[in-house]
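Observations on the model geometry
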Amino acid sequence: DGQPSDADLLASASGEDTPLALPLLQLDEPLAPAVAADRAGVRLSAGDIEARVELLQRGGYTLVIEGAGGVMVPLVWGYTVLDLAERFSLEAVIVGRAGLGTLNHILMTAAMLRARNIPIRAVVLNGRKHPPDLAAATNPVALSRMLPGPVIPLIIEVPHQSGQDIADLLIPIVPLMTKLLAK
């Protein structure tokens, strides 16, 4: 389709080109990794994933591990994003849509993370329209009331653009997020 892959976009946004930052496996179908791997007839193990994370941590890299689809999505059967975060004592940034349904989504995700003692550093509400609908306008205040603690509701307004355009928008945000997450 001529669009860069997610891996290409992330490499561009991070400025990192080490082979360790390359995906262990690239799957064509936009499905949960375990489902897409089954459909592609390939296998990856939790041990493969953990070995890569360990190598990156030992190399001194700051890791941002995307849990696309949510914390309960299986990376491989029997091993979720939540399991990975717990295993490596990672902290979480929850990303949700800005509008209707986000309170439930964010609060369920936060409950799952807290049940495993995974700290939540921020909540990012994505895709807010101009002007925002009523839910998108009221969700940040509602979340700050319902989710007390070290959570900072942020809103990123990203109009529908190509993946490369979005990566270009994110490049200036990387230092800000690095500072936020270092606190």
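Look a little higher up for the structure.
Residues numbered from 1 in each chain as written. Predicted model: local features only at pLDDT ≥ 70, side-chain atom pairs only at ≥ 80, totals over all residues. Heavy atoms only, no water.

1. Considerations on helix α3 (residues 46–58)
Since the α-helix advances by 3.6 residues per turn, residues separated by three or four positions end up pointing in the same direction. Applied cut-off: The way it works is that DSSP assigns letters per residue, a run of H or I at least four long becomes a helix, a run of E at least two long becomes a strand, and they are numbered from the N terminus. Working rule for helices: expected span equals 1.5 Å times residues minus one. For the exposure calls, accessible area comes from a 1.4 Å probe over protein chains only, and a residue counts as buried if that area is under 20% of its type's maximum, exposed if over 50%, partly exposed in between. In this description, the arc belongs to the directions extending from the helix axis to the C-beta atoms. The contact criterion used is simple: two residues touch if any of their non-hydrogen atoms lie within 4.5 Å.
Between its first and last C-alpha, α3 extends 18 Å over 13 residues, near the 18 Å set by a 1.5 Å rise per residue. Of all the positions in α3, only I49, E50, R52, V53 and L56 are classed as buried. On an axial view of α3, the arc spanned by its buried residues comes to 160°, and they lie on one face. Where the residues of α3 are buried, they touch β1 (74–76), β2 (79–80) and α4 (81–87). One or two positions beyond α3, positive phi appears at G60, with a value near 85°.

2. Describing the nonpolar core
Rule in force here: Residues enter a nonpolar core if they are buried and are Ala, Val, Leu, Ile, Met, Phe, Trp, Tyr or Cys, with the set joined through side-chain atoms within 4.5 Å.
Formed by 25 residues in total, the largest nonpolar core has its most connected members in L75, L84, I94, I106, L113, I118 and V123. Broken down by secondary-structure element, the contributors of at least two residues to this core are α3, β1, α4, β3 (92–97), α5 (102–115), β4 (120–126) and α6 (134–146). When residues in this core are grouped by element, the largest group, four residues, is from α4. Leaving out residues up to four positions away in the same chain, I106 has contacts with I94, V95, G96, V123, L143 and L147.

3. Remarks on the packing of α5 against α6
Keep this limit in mind: Comment: axis = line fitted to C-alpha atoms, over the contacting stretch for helices; angle = value between 0 and 180 degrees taken between N-to-C directions. Working definition: roughly parallel below 35 degrees, roughly antiparallel above 145 degrees, roughly perpendicular at 65 to 115 degrees, and oblique for all remaining angles. Left-handed is the label given to a crossing in which the near helix is rotated counterclockwise from the far helix by less than a right angle, and right-handed is the label when the rotation is clockwise. Gly is put with the polar residues, along with every residue not named as nonpolar or charged; the nonpolar set is Ala, Val, Leu, Ile, Met, Phe, Trp, Tyr, Cys and Pro, and the charged set is Asp, Glu, Lys and Arg.
Orientation of α5 relative to α6, taken along the N-to-C sense of each, is 30°, at an axis distance of 11 Å. Taken together, the axis directions place α5 and α6 in an arrangement best described as roughly parallel. Note on packing geometry: the crossing formed by α5 with α6 is right-handed. Contact residues: T102, L103, I106 and L107 in α5; N139, A142, L143 and M146 in α6. Classifying every residue of the contact of α5 with α6 gives six nonpolar, two polar and no charged.

4. Section: the pairing of β4
Let me state the cut-off plainly: Here, any two strands with at least 2 DSSP bridges between them count as paired. Think of it like this: strands point away, you trace from the first strand over the helix to the second, and a clockwise trace means the crossover is right-handed.
The buried fraction of β4 is high, at six of seven residues. Sheet topology note: the β3/β4 ladder contains six bridges and is parallel. Counted as the bridge partner of A92 is I120 from β4. For the segment spanning β3, α5 and β4, crossover handedness is right-handed.

No statement about biological role is implied by the geometric values presented.
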